[in-house]
Amino acid sequence: MTSTSRTAEGGRIDRATTLEFTFDGQPFTGHPGDTLASALLASGRHQIATSIKLGRPRGVAAAWAEDPGSLVQIEEPFPEPMLLATTVELYDGLAAHGLPGQGRLAEVPDSARYDAVHHHVDLLVVGAGPAGLAAALTAARAGARVAVVDEQSEAGGSLLSGTERLDGAPALQWVAAAVAELAEHPEVLHLQRTTAFGSYEDGFVLALERRTDHLGATAPKHLARQRVWRFRARSIVVATGAHERPVVFTDNDRPGIMLAGAARTFLHRYGVLPGREAVVFTTNDSAYDAALDLHRVGVCVQAVVDARPEGSARREECERAGIRVLPGAVVTGTQGVDRVTHALVAPFVDGEVGAGSAIACDLLLVSGGWNPAVHLFSQARGRLRYDEGLGAFLPGEELDGLSVTGSATGVSDLGGCLAHGQRVARAALAALAITPAGDDRLPAAPEAVVPTAPLVLWRVPDSSGAEGSTQFVDLQRDATVADIARAVGAGLRSIEHIKRYTTIGTAHDQGKTSGVLTSGITAELLGIPVQDTGTTTFRPPYTPVAFAALAGRDRGRLFDPERVTALHEWHVAAGAVFEDVGQWKRPRYYPQPGEDMEAAVLRECAAARTGVGILDGSTLGKIDVQGPDAAVLLDRLYTNLISSLKVGSVRYGVMCGVDGMVIDDGTVLRLAEDRFLVLTTTGGAAKILDWMEEWVQTEWPDLRVHCTSVTEQWVTFPVVGPRSRDVIGAVFPDVDVSNEAFPFMTWRDTTLEGVPVRLARISFSGELAFEVYVNPWYAVAVWERLLEAGRPYGITPYGTETMHVLRAEKGYPIIGQDTDGTVTPQDLGMGWAVSKKKPDFVGKRSFARPANQDPLRKQLVGLLPTDRQTVLPEGSQIVEFFPDGQLPPPPVPMLGHVTSSYRSAELARPFALALVKGGRERIGDTVHVPVNGTLVPVEVTGSVLVDPEGARRDG
Amino acid sequence: MAELLRTHPLEAWTTAFERLPDTVGIAVEPFVAMADVRLGTVDSEAGTRLGVDLPTEANTWVPAEAGRAVWLGPDEWLLSSTTEAPEELEARVRAAVLPLGGSATDVSAQRIGLRLTGARVRDVLAKGCSVDLHPRVFGRGSSAQTTLGQAGVVLLSLSDTGEDHVVLVRSSFAGYLADWLLDAALEFTHTPTR
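Residues numbered from 1 in each chain as written. Chains lettered and ligands numbered in written order. Predicted model: local features only at pLDDT ≥ 70, side-chain atom pairs only at ≥ 80, totals over all residues. Heavy atoms only, no water.

From N to C terminus, chain B includes five helices and ten strands. Here the C-alpha radius of gyration of chain B, 18 Å, is about what a compact globule of 194 residues would show, namely 16 Å. In terms of overall dimensions, chain B has a C-alpha envelope of 65 × 50 × 25 Å along the principal axes. Burial statistics for chain B: of 194 residues in total, 58% are counted as buried. Taking the intrachain contacts of chain B between residues at least 6 apart in sequence as the baseline, contacts between residues at least 24 apart amount to 61%. Carbon and sulfur atoms make up 49% of the accessible area of chain B, which amounts to about 8,200 Å² in all. Positive and negative charge centroids in chain B, built from 16 and 26 side chains respectively, lie 5 Å apart. (Helix = DSSP H or I, 4+ residues; strand = E, 2+ residues; numbered from the N terminus. Rg over C-alpha atoms; globule rule 2.2 N^0.38 Å. Buried < 20%, exposed > 50% of the residue type's maximum accessible area, 1.4 Å probe, protein only. Contact = heavy atoms within 4.5 Å. Areas by Shrake-Rupley, 256 points an atom, 1.4 Å probe, with all protein chains shown as cover. Lys, Arg positive; Asp, Glu negative; His and termini not counted. Charge placed at Lys NZ, Arg CZ, Asp CG, Glu CD.)

Below you can see the structure in the form of structure tokens.
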């Protein structure tokens, strides 16, 4: 479509270049510098979509993010829903269509990059309009570290939409000079297309930079499409301007009805004639500029309808130009379907609407005053005050480290905004002890004309008989004056409740045009001052932010760090299948060709029980505990006695929380009188170090002890099985590995080629086993030595699945799998590990509670399915029959649940561990486990199913 | 038998690091001995016994005889040595601080070091580090225990231009951090095809 509504010249578009795009499947053209909305308007298209509930045609009602109307879905180059045509910069190949309120997420992955950057400044200026630029220049000239962010494609703010002059030249020349000057300062970061969307404590501001959106398909792939800036500012200057506010009247939602200031923007910035015949409806002087500007470019301005009884001092200016001004009149309604055709204009005296007439127009401009954009101030918990004169909520207090300037404070003239911006910046610099520069000149602005006082008018009484049901307050939500009246009629008084009842302000625009209107109309209906109604709470984000942008680079491989051991590459090369254990990647099993997990695990288990296996156990948590009181600390934290442990020996220990429930377990090596190596579970490593530090730092600061994480200082390789002694003896010939010289639960230090190695007789399988500890620098070399030495015995690397089977066969619980924070050591059958001699330890008091003595507590037992076939799913519930063989009626009482379940090579049948009420009393009983709708009979056994005598641990 | 070979967790990344331009240089630091030192009171006796005056200003590091002493907390430091074996460093430092009520633990393999150099390195770090790294704030001798991406790190500044840093990261996170750094550097390493 050709540009039928372009001006002959002017605007900040590149007319020499033509961009092609489609909207609703139709081809259109536009120019660089256009938004999707301006390009459509330039083609004479006003309607964008239909409304969400009522299906009414809706168009472009504003020129930027405050627009409640122009919701679109982008299809090309990448599908993205819920964008505003007014904020989408045009690019070649853009394909979009209008949205009736709801969009569609892409069904293909977004291949674009997104990232985040932290940035610290003395002064963050939000907004590069006149006030913001004045503030930024002042700070930059003082040598401060400054960031200036602005949401538009270029700096200038309101100056982009008008014809103002500074220093006798077009104001945009000053803007260009200011931008150039800012670029000269090395400590200034100036970002356009960047929306500060959240303001938080301690000068923290989040902003979204749209870096390559405007490039369409030509966007470089290596650059982030959008970037979240995480600013930390010592001081913030909010220069975010003001949003024009409409007046609500009947049928105020038709395409062709827009804010007066938006029409100026489309005209001056984009070279677009938003209509041929215009009616301007206003309560204040600002819309007179729109009327005069449009008249100058040939638009027929049919009338300026001014609700003020006396009109404006600018009436003469209009009439000289031949524009009819109707003071004391309002627009009461409109006609038209997909575009406004008539404005219904009537006298307005003392709040009463008189008899009206229809004025033909294809553009109806509305101005009900200006709402300062106080969002960031309010998000930072700044209190707002209502200004009766302006009919607007303004910043109502001074905040530390955040000041508001320009029209965001209600200042409306250019010179005033510049001076205010400079003053605010100087005050902020002074608070930071930064001296302003000597030559800090501002350009000369024309003397301000004092405007005629505005009229505060929220809505025009509905004379149509529809009782406000087509008086739209929130166009996007199809919410009307009638909806507010219904809310008030239902007894709601809080503006927060009315918002939620009517949904006003909950759409993409978050009530930028509708919020204050709702406050005003509600106050009217309740007969209370607007100040008492207040506004709803401003919350981030100021404008919508895509989840992809918030996710940034934390996706794919970088979503969650993968922690790997020093042997990871070896495991990969060996074909290991990995499992996630917290952030760790651990080999789960090593399938040989043709093997599934079950076959691999049966083979690995058999090797460890009959020959020799080897595990990478390096992820075990390790804590070095040093100091004269090290043993005292451990005695207080473990349930069992540690201080009696001899140097060179190892003891298994259990730790409980203050509630007496098991939180971790592991072995303790006494390295010296004043030094221990504490082993924790893989998942408990960080938690237990924190636990120790918490007690040492908060309760027992008198203890002379230090705890240091050494988890990654040592790799740990359990060498397990009847032939493990042969392997260890071969690799470490200096060590006497005989049972007499190196008994169970002892450790010995040795060296391998001069490298220190620690060996420990610890078994998590019940088999003869040695754990090998060495600096990870040498992990691969030592591992390969062990494999080489084990080759004659068929040494078999095994993974966590086999480790679990081997330990479960021995009834060794995994804390966090067989326990859930409600399990005591006694429940696990480990009463033997709870000291009766120690005067106190963490958890001891709780063991005396009656609930801990209850014989019906759930206890860890073994389960053997009597069919010798079924592998019970972990988590299965356990039930029992009545003595008469009948199942109790539903809900069937649950006795407990299966915590671990495997197929055992050693037992030649599946087995399980379970927590069962009064479980130890039930040993020998048969209970049932529902599996896929069938009740599987299982025999309750002790938890130790393999080698209950412990005969194998010494080989 | 032959000497035990050492393997570095980032061996597989060496080539990718070597391809980086000077503006975002990443190099793997050689293995060095490191000891975690805990000591309640730092005085001249401690300095004499250790051979280095441990820094008492928070978030700083100082050069030591053949390494560095990094402040980790009011009573904790990280000492490194390029000339001693890990067990030698631990033994020497432990002997020095034990009489003063301190302790020392060999943590040589807990972390690996990466040297980040070049004009854009600060921009790379700013993508995942919330600490202010402006050279006026984080000049030579500054250190920070912080997160880079999602990895905990000790970050040391080696210059007053903000163009030379050492990152110490837990060995198990080294691969993640290396991937993260290469990804963060992408916009500075990519040569657009014309």
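On a regular strand, each side chain points to the face opposite its neighbour's, so the side chains alternate between the two faces of the sheet. All names here are of chain A. In terms of burial, strand 21 (residues 329-336) is a largely internal element, six of the eight residues being buried. Bridging between strand 21 and strand 22 (residues 340-349) involves seven bridges; their strand directions are antiparallel. Residue pairing in the sheet places Gly336 in a bridge with Val340 of strand 22. Joining the antiparallel neighbours strand 21 and strand 22 is a turn of three residues. (Pairing = 2+ DSSP bridges.)

Attention now moves to a nonpolar patch on the surface. Taken together, the side chains of Phe881, Leu887 and Leu935 of chain A make up a nonpolar region of the molecular surface, amounting to roughly 210 Å² of accessible area. Residue Leu887 of chain A is classed as partly exposed on the basis of its relative accessible area, which comes to 36%. (Patch = residues over 30% accessible without salt bridge, like charges linked within 9 Å, V, L, I, M, F, W, Y side chains within 5 Å. Salt bridge = Lys/Arg side-chain N within 4 Å of Asp/Glu carboxyl O.)

Let's shift gears to the packing of aromatic side chains. Residue and element names in this part refer to chain A. Evaluation of the coordinates by the stated rule reveals 18 aromatic pairs over all chains. Look at Tyr200 and Phe204: their rings are 5.9 Å apart centre to centre, the planes differ by 45°, and that puts the pair in the tilted class. On the basis of relative accessible area, Tyr200 is assigned to the partly exposed category, the value being 34%. On the basis of an interplanar angle of 70° and a centroid distance of 5.3 Å, the ring pair of Trp570 and Trp783 is categorised as edge-to-face. (Phe/Tyr/Trp six-rings, centres within 6.5 Å; stacked < 30°, edge-to-face > 60°.)

Residues and elements named next belong to chain A. Residues Glu76 and Pro77 are joined by a peptide bond in cis, for which omega reads 5°. Its location among the elements puts Pro77 in the loop between strand 5 (71-76) and strand 6 (80-84). Note that the residue after Pro540, namely Pro541, is joined by a cis bond; omega there is -5°. Looking at the element boundaries, Pro541 is found in the loop between helix 12 (530-533) and helix 13 (547-551). The residue Glu467 is not glycine, and still its phi comes out positive at about 55°. Mapped onto the elements, Glu467 comes out in the loop between helix 8 (414-431) and strand 30 (472-474). For Glu467, a relative accessible area of 67% puts it in the exposed group. Not every positive phi belongs to a glycine, and Met745 is a case in point at roughly 60°. Assignment of secondary structure puts Met745 in the loop between helix 18 (724-731) and strand 41 (747-752).

All names here are of chain A. Locating Gly799 in the fold gives a position in the loop between strand 44 (796-797) and helix 20 (800-809). Through-space distance from the C-alpha of Gly799 to that of Ala600 is 9.7 Å; in sequence the pair is 199 residues apart. Leaving out residues up to four positions away in the same chain, Gly799 has contacts with Pro587, Arg588, Tyr589, Tyr590, Glu604 and Leu615.

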